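Read off the chains here:
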Amino acid sequence: MLKGCATGFGALALAALMAEESSAGAPVKKAEGPPAPHFPARAKRVIFLFMKGGPSHLDTFDPKPLLQRDNGKDLPFPKPRVQFAPTGKLLASPWKFQKYGQSGIEVSSLFPNVAQCVDDLCIINSVHGTNAAHGGALLKLHTGSDSFVRPSMGSWITYGLGTENQDLPGFITICPTLAHGGVLNWGSAFLPARYQGTPLGNASVPSDRARVRFIENEQTPRDLQRMQLDLLADLNRDHLAGVGPNLDLEGRLDSFELAFRMQSAMPEIQSLTGENPATLKAYGLDDPVTANFGRQCLLARRFAERGVRFVQVTHSDSYVQWDQHSKLKEGHEKNAREVDLPIAALLRDLKSRGLLEDTLVLWGGEFGRTPTAQGTDGRDHNPEGFTLWMAGGGVKGGFKYGATDDYGYYAVENKMHIHDVHATILHLLGLNHERLTYQYAGRDFRLTDVAGEVAHDLFA
């Protein structure tokens, strides 16, 4: 209307106003070429092994002798004021712990294969969050906020460092869950759209059938697609020249170009025909129990070695996977059997290829479990103290950091809030979490909001 009325002077005025508003915003990072980190980085990329539902730290990597001794007794101190559900008396772990490696770190019998790699693990036993519900806790872990829509950790990292491969997204999430925040857990929110995660299937799709949506176009020849995209780009650039900057439209143009290039790159990566049979066996692809997660881990390595900056692998199903409010022994044993061998294979594979030195592997869920029983044989959600571990990427191997109390309810020593975990991950990647900001709605936002302390003691 403004273009058609009064010989277009209204449109000129609007364009000038929009240009002034745009110039006050944050500068847009370009996709071409990775930006420089703030300081020398220890890690170049991240592989996040997300165990959805909340694995029990007390039954995996945080042994508690007093919990075993006092099984069936009352917890000798108050429970949190806010709890997800009522719990009863102390519940001992059904699994034995044993020392492994030169470090002598104790690991549960749930993870016999990962235990063999314990000298590469930096186990953080003092993580704590702010939300006892899956939805809020997932968002907190992935985005730093449990109550607002914010960019995900992978988006912030890709925004800060870019991608090393222009034919692939900088952030890929393999078989992500669509529940408890769903796409918000890998979305870019107000960051430019090019930094959002690209999903490969979802948690309800077996990994051997997981695909990027619309990656194949059998109806239109490639040269004709190229001509169509060129025409579309010309039309949209003419539009941008008239109305001024538009991050959504620019991001859409970038996504079209990337999708065109991905048609060749993505099928090659997902095809495992070139992998050594011994490698496929090591990841458990010959066993139906481990094949699904094993393929995800192998794909993570293949994406990482091709320059994808952030790869997330999700272990999830329609039963919230690690969420054993009852039948703890049955559920955790099933889950651990599915992931233990593939995770160990991934760590060994990265190490043998020299990739573990600059690839940060992160393992964990959105919270831990209570030392007190829910019902007779389950554990409730516990964000007050739980375990994450890291490997490679410049962290100390064979190292335990922080501690929960004698029964494993609260983080008490060298406590690390989720904001601290994020700040530490960014630091390993050469990014100052206080400087990695983006201006939106009149203020500078960052992954760690107004908090976060870097845990320098974890660094090798």
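Further up the page is the structure itself.
Reading the values: rules and limits
- Residues numbered from 1 in each chain as written.
- Predicted model: local features only at pLDDT ≥ 70, side-chain atom pairs only at ≥ 80, totals over all residues.
- Heavy atoms only, no water.
- Helix = DSSP H or I, 4+ residues; strand = E, 2+ residues; numbered from the N terminus.
- Rg over C-alpha atoms; globule rule 2.2 N^0.38 Å.
- Buried < 20%, exposed > 50% of the residue type's maximum accessible area, 1.4 Å probe, protein only.
- Contact = heavy atoms within 4.5 Å.
- Lys, Arg positive; Asp, Glu negative; His and termini not counted.
- Charge placed at Lys NZ, Arg CZ, Asp CG, Glu CD.
- Phe/Tyr/Trp six-rings, centres within 6.5 Å; stacked < 30°, edge-to-face > 60°.
- Patch = residues over 30% accessible without salt bridge, like charges linked within 9 Å, V, L, I, M, F, W, Y side chains within 5 Å.
- Areas by Shrake-Rupley, 256 points an atom, 1.4 Å probe, with all protein chains shown as cover.
- Salt bridge = Lys/Arg side-chain N within 4 Å of Asp/Glu carboxyl O.
- Core = buried A, V, L, I, M, F, W, Y, C linked by side-chain atoms within 4.5 Å.

A.B. asks: An account of the overall build of the protein chain is needed here, citing residue identities and associated values.
C.D. replies: Helices and strands together make up the secondary structure of the protein chain, namely eleven helices and 17 strands. Here the C-alpha atoms of the protein chain give a radius of gyration of 24 Å, agreeing with the 23 Å that 2.2 N^0.38 yields for 460 residues. When the 460 residues of the protein chain are sorted by exposure, 53% land in the buried category. Counted over contacts in the protein chain with a minimum sequence separation of 6, partners at least 24 positions apart contribute 78%. The protein chain carries 47 positive and 51 negative side-chain charges, and their two centres are separated by 2 Å.

A.B. asks: Could you give an account of the packing of aromatic side chains, naming the residues involved and the relevant values?
C.D. replies: On inspection of all chains with the given rule, the structure shows 18 aromatic pairs. Aromatic side chains Phe190 and Tyr438 sit 6.2 Å apart centroid to centroid with 20 degrees between the ring planes, which places their arrangement in the stacked category. Residue Phe190 is located in the loop between strand S5 (171–174) and strand S6 (198–200), and its partner Tyr438 is located in strand S16 (residues 438–440); the two are separated by 248 residues in the primary sequence. Judged by relative accessible area, which is 11%, Phe190 ranks as buried. Among the residues examined, Tyr438 registers a relative accessible area of 4% and is labelled buried. Three or more aromatic residues joined by ring pairs make a cluster, and in this case those are Trp156, Tyr159, Phe190, Tyr195, Tyr438, Tyr440 and Phe445.

A.B. asks: Describe the environment of His239, naming the residues involved and giving the relevant values.
C.D. replies: Relative to the helices and strands, His239 is located in helix H6 (residues 222–243). Classification of His239 by relative accessible area gives partly exposed; the value is 41%. The spatial distance from the C-alpha of His239 to the C-alpha of Phe190 is 22 Å, given a sequence separation of 49 residues.

A.B. asks: I'd like a rundown of the environment of Val127, residues and numbers included.
C.D. replies: By the element assignment, Val127 lies in strand S4 (residues 121–128). Val127 sits in the buried class, given a relative accessible area of 0%. A C-alpha to C-alpha distance of 8.5 Å links Val127 and Phe367, two positions 240 residues apart in sequence. In this structure Val127 touches Glu384, Gly385, Phe386, Leu388, Ala411, Met416, Ile418 and Val421, once residues within four positions along its chain are discounted.

A.B. asks: So what about a nonpolar patch on the surface? Which residues, and what values?
C.D. replies: Together, Val149, Leu178, Val183 and Leu184 make up a nonpolar patch on the protein surface, roughly 350 Å² of accessible area in all. Structurally, the position occupied by Val149 is in the loop between helix H4 (134–143) and helix H5 (153–161). Overall, Val149 belongs to the partly exposed group, its relative accessible area being 47%.

A.B. asks: Quick one: what's the story with the side chain of Lys140, residue by residue and with numbers?
C.D. replies: Its location among the elements puts Lys140 in helix H4. Salt bridges are absent for the buried Lys140, whose nearest opposite-charge side chain, Asp146, sits at 4.7 Å. Ignoring anything within four residues of it in the chain, the contact list for Lys140 reads Thr130, Ser145, Asp146, His417, Ile418, His419 and His422.

A.B. asks: An account of the nonpolar core is needed here, citing residue identities and associated values.
C.D. replies: Counting 59 residues, the largest nonpolar core has Leu49, Phe111, Ile174, Phe303 and Trp389 as the members making the most contacts within it. Broken down by element, this core gets its largest block of residues, nine residues, from helix H10 (residues 328–352). Residues within four places of Trp389 in sequence aside, it is in contact with Phe61, Val114, Leu121, Cys122, Ile123, Ile124, Ile343, Leu347, Val361, Leu362 and Trp363.

A.B. asks: Help me get a handle on the side chain of Ser316, residues and values and all.
C.D. replies: Along the chain, Ser316 turns up in the loop between strand S7 (310–315) and H10. Residue class for Ser316 comes out buried when judged on its relative accessible area of 13%. Residue contacts for Ser316: discarding those within four places in its chain leaves Lys52, Thr177, Ala203 and Gln321.

A.B. asks: An account of helix H11 (residues 418–428) is requested, with residue identities and associated values reported.
C.D. replies: With eleven of eleven residues buried, H11 lies mostly within the body of the structure. One or two steps after H11, the chain reaches Gly430, where phi turns positive at roughly 85 degrees.

A.B. asks: Just give me the short version of the pattern of salt bridges, but keep the residues and values in it.
C.D. replies: In total, this model carries 24 salt bridges according to the counting rule given. Glu338 is the salt-bridge partner of Lys334, the closest N and O atoms lying 2.8 Å from each other. Of this pair, Lys334 and Glu338 are both found in helix H10, four residues apart, which corresponds to roughly one turn of the helix. Relative accessible area serves as the criterion here: at 35%, Lys334 is assigned to the partly exposed category. For Glu338, a relative accessible area of 17% translates into the label buried. A single salt-bridge network, built from bridges that share partners, covers Glu268, Glu275, Arg301, Arg302, Glu305, Arg306, Asp349 and Arg353.

The values are spatial; any link to function lies outside them.
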